[in-house]
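For reference, the chains in residue letters:
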Amino acid sequence: MIPYQFLNGLIIASSGAVEKTAEAAHGEGELQTHVPNLLTFVFGPEIAEHYAVTFFAFLIAAVMIVCSFVVYRRRDMIPGPLQNVVEMLFEALYDLVYSMLGKQADRYIPFLGTLFLYIWFMNLSGIVPFVHAPTSAINMTAALALTVFFYVQYIALTRLGFLKYMHHLAGEPNSAVTWALVVINFPLHVVGEFIKPASLAMRLFGNIMGEDTLIAVMISLGVVSLSFMHSPVGIPFQLPFVFLSLLLGTIQALVFTLLSTGYIMMVLPHDEH
Amino acid sequence: MSPDWKLILTHMAGFITTVLILKKFAWVPILGILNERREKIKSEFDNIEAGKADIVSQEEDYDAKLRDIDNLARQKLTEAVNEGQKIAAEIKADGQNDAKQIIERAKDEAERDKAKAQAAMKDEMVKTTIAAAEKIISSKMDDEQNRRLISDFIDGVEKA
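This structure is a prediction, so every number in the text was calculated from the model and none was measured.

Let's talk about the overall build of chain B
When you go through chain B residue by residue, the secondary structure sums to two helices and zero strands. Across its three principal directions, the C-alpha atoms of chain B cover 195 × 25 × 15 Å. Evaluated residue by residue, chain B yields a buried proportion of 7% over its 160 residues.

The structure is reproduced here in structure tokens:
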């Protein structure tokens, strides 16, 4: 095993993986669309394909939980470096959610803040060597979107009540004309409620999967471009896309969180936000 | 690409667990600390503002006291000056009286001395006159001798 590629230590793949990628490129004349991850090297590609998403998602969750434990145990009025970073993130997220939900932000910030951090870390993990971005899998994004969907329904039913929620889904009719339109509005709103998680899941999945694929293809292209001289290191064509991935990963996490906040805001009683 | 419901449910469970744990050990305590710090800073600022107001009030009190002290000092000074002037006037008047009395006494003494001197001179003139008369009577008197006697008498008076 020779330490290999990914310029500036941002993305590193093993020489074996590079060779495999190069061989694949030579033998089949195709560029690879996935960068091998830790599980690929330890357990092989089949296991990695099945468990990489779950493994890395849980790993990221575990890191977040450990960090929160450390901060919780060492919390102080005069913060240390880790608490400082956590406070900065939390305050920024709280301000963001507060700008939409007002005083209701206190109640929903744990869910929405954790949602943002979880998605953000998973998005960015795609550029960490040996890590696979869990959000490049539809199962993960669907799980997050469904969680948001059920949470929004729960909030709607508990805060509005069943009848008011139905009234809300019917377009809040208050005149003969709007009541007449209920037959159109109600199904539209119900379908809209189901489309929301689908759009959330597909948007995040498509963006992150696209970024990861682009980076993998660029890495593969860099390796192939120097394969004629049997170089263990390829040209880092992926570098600009790594920075792009940093930006888009953050934006996608923000979009997912803000849309979720918007969905919650829409089902809250109007006088509460 | 097709959804795997077991995986989806697993991820949902994982995420919800993460939310619950982070809520208990991160969001609530950290936001609590942020609020507590915000309140503390606000309270510190309030205290500083209150302290400033207190200092301003004390400064005004001190200024007022200083003004009072100045006024009192000026008043005392004026009283002292007046008292001094009064004492000086009294001393001056006493001095003038004393001087007047001394002058009066000196005048009286001079008058007395003058009177004494005149009396003494008178006695002397009488004695001299008697002596001259005795000489005239006892000797032969002529006009020239009378003139000389009178001239001697007058010289004797001038000397006296």
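Remarks on the nonpolar core
Counting residues in each nonpolar core, the largest one holds 60 residues, and the members touching the most others are Tyr108, Phe116, Tyr118, Ile119, Leu144, Ala145 and Val152 of chain A. Breaking this core down by element, the ones donating at least two residues are helix H3 (45-73), helix H4 (81-101), helix H5 (105-125), helix H6 (138-160), helix H9 (182-225) and helix H10 (239-267) of chain A together with helix H1 (5-138) of chain B. Counting residues per element, this core draws most heavily on H5 of chain A, which supplies 13 residues. Look past the residues within four positions of Phe116 of chain A in its chain and what remains in contact with it is Leu93, Ala253, Leu254 and Thr257 of chain A.

Structural notes on the packing of H5 of chain A against H10 of chain A
Residues and elements named next belong to chain A. Here H5 crosses H10 at 155 degrees, and the two axes come no closer than 8 Å. Overall, the two elements H5 and H10 adopt an arrangement that is roughly antiparallel. Every pair of crossing elements has a handedness; the one defined by H5 and H10 is right-handed. Taking contact as the criterion, the partners of Tyr108, Leu112, Leu115, Phe116, Ile119, Trp120, Asn123 and Leu124 in H5 are, on H10, Leu246, Gly249, Thr250, Gln252, Ala253, Leu254, Phe256, Thr257, Ser260, Thr261 and Ile264. The residue makeup of the contact of H5 with H10, split by class, is twelve nonpolar, seven polar and no charged.

Concerning the packing of H4 of chain A against H10 of chain A
All names here are of chain A. For the pair H4 and H10, the least separation of the axes is 10 Å and the interaxial angle reads 35 degrees. Between H4 and H10 lies a crossing of right-handed hand. Residue-level contacts link Val97, Met100 and Leu101 of H4 to Thr261, Gly262, Ile264 and Met265 of H10.

Brief notes about the interface of chain A and chain B
Contacts between the two partners involve 31 residues from chain A, matched on the other side by 25 residues from chain B. The set of elements that each furnish at least two residues to the side of chain A that touches chain B consists of H3, H4, H5 and H6 of chain A. Across the side of chain A that touches chain B, the residue classes tally to 22 nonpolar, six polar and three charged.

Brief notes about the environment of Ile154 of chain B
Inspection of the secondary structure puts Ile154 of chain B in helix H2 (residues 143-159). With 10 C-beta atoms packed within 10 Å, Ile154 of chain B lands in the exposed category.

Quick look at the confidence of the model for chain B
Of all residues in chain B, 96% have pLDDT values of 70 or greater, and the mean over the chain is 88. Across the interfaces of the predicted complex, the ipTM metric reaches 0.80, alongside a pTM of 0.71.

Structural notes on H5 of chain A
Residues and elements named next belong to chain A. Between its first and last C-alpha, H5 extends 28 Å over 21 residues, near the 30 Å set by a 1.5 Å rise per residue. Remark: the principal bend of H5, roughly 30 degrees, maps to Phe111. In terms of residue burial, H5 counts as a mostly covered element, since 17 of its 21 residues are buried.

Rules of the game
- Residues numbered from 1 in each chain as written.
- Chains lettered and ligands numbered in written order.
- Predicted model: local features only at pLDDT ≥ 70, side-chain atom pairs only at ≥ 80, totals over all residues.
- Helix = DSSP H or I, 4+ residues; strand = E, 2+ residues; numbered from the N terminus.
- Buried ≥ 20, exposed ≤ 12 C-beta atoms within 10 Å, placed from the backbone.
- Core = buried A, V, L, I, M, F, W, Y, C linked by C-beta atoms within 7 Å.
- Contact = placed C-beta atoms within 7 Å.
- Axes fitted to C-alpha atoms, helices over the stretch in contact; angles between N-to-C directions.
- Parallel < 35°, antiparallel > 145°, perpendicular 65-115°, else oblique.
- Left-handed = near helix turned anticlockwise from the far one by under 90°.
- Nonpolar A, V, L, I, M, F, W, Y, C, P; charged D, E, K, R; others polar.
- pLDDT = per-residue confidence, 0-100.
- Expected span 1.5 Å × (residues − 1).
- Bend = angle between axes of the 7 residues up to and from the residue.

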